[in-house]
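Coordinates in review
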Amino acid sequence: MNKKKIQLTCMILTALTGNASAFDLNEGLMTLAAALATFMIALQGLRWLMSESPKGRADAKKGLIWTIIGLIVAYLAFNLVCGLYCHALQMAYGGTIACGPPCT
């Protein structure tokens, strides 16, 4: 990616997030991931129910498994970023800042 594209991307992300903190942005992304996972689980469940061939059912089952794995990865990433953000705040302010849920 060239420098102008990176600058444009940063400007767009800054404009979209406004004054939101990293935790707010992270929480919004987790909400989006949960909504997409819910949609994908429903879609794969319908594919599994409506499939007439064993191969179609196997594909739908794989889709369900990968959706659940993706949701678990998103949850772990959310907690990792939240923990790192809280730790960085505590290091910057000398441990005098208390992190709110779910970063406690």
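Our structure is the block above this text.
The structure contained in this document is the topic of the report that follows. Note that the coordinates shown come from a computational prediction; the quantities given were computed from them, not determined experimentally. (Residues numbered from 1 in each chain as written. Predicted model: local features only at pLDDT ≥ 70, side-chain atom pairs only at ≥ 80, totals over all residues. Heavy atoms only, no water.)

1. Some remarks on helix H3 (residues 54-92)
Spanning 39 residues, H3 covers 57 Å between terminal C-alpha atoms, matching the ideal 57 Å at 1.5 Å per step. Among the residues of H3, those classed as buried are Gly56, Ala60, Gly63, Leu64, Thr67, Phe78, Cys82 and Cys86. Once H3 ends, the next one or two residues include Gly94, with phi positive near 75 degrees. (Helix = DSSP H or I, 4+ residues; strand = E, 2+ residues; numbered from the N terminus. Expected span 1.5 Å × (residues − 1). Buried < 20%, exposed > 50% of the residue type's maximum accessible area, 1.4 Å probe, protein only.)

2. Some remarks on the side chain of Thr67
As for its placement among the helices and strands, Thr67 is situated in helix H3. A polar contact is formed between the side chain of Thr67 and the backbone oxygen of Gly63, at a distance of 2.7 Å. Residues in contact with Thr67, not counting those within four places in the same chain, are Ala37, Met40 and Ile41. (Polar contact = N/O pair within 3.5 Å; in protein donor to acceptor, adjacent residues only side chain to side chain. Contact = heavy atoms within 4.5 Å.)

3. With respect to the side chain of Ser51
Inspection of the secondary structure puts Ser51 in the loop between helix H2 (22-50) and H3. Here the side chain of Ser51 touches Ser53 through a polar contact of 3.1 Å, landing on its backbone oxygen. Apart from residues lying up to four places away in sequence, Ser51 is in contact with Gly56 and Arg57.

These values are about where atoms sit, not about what they do.
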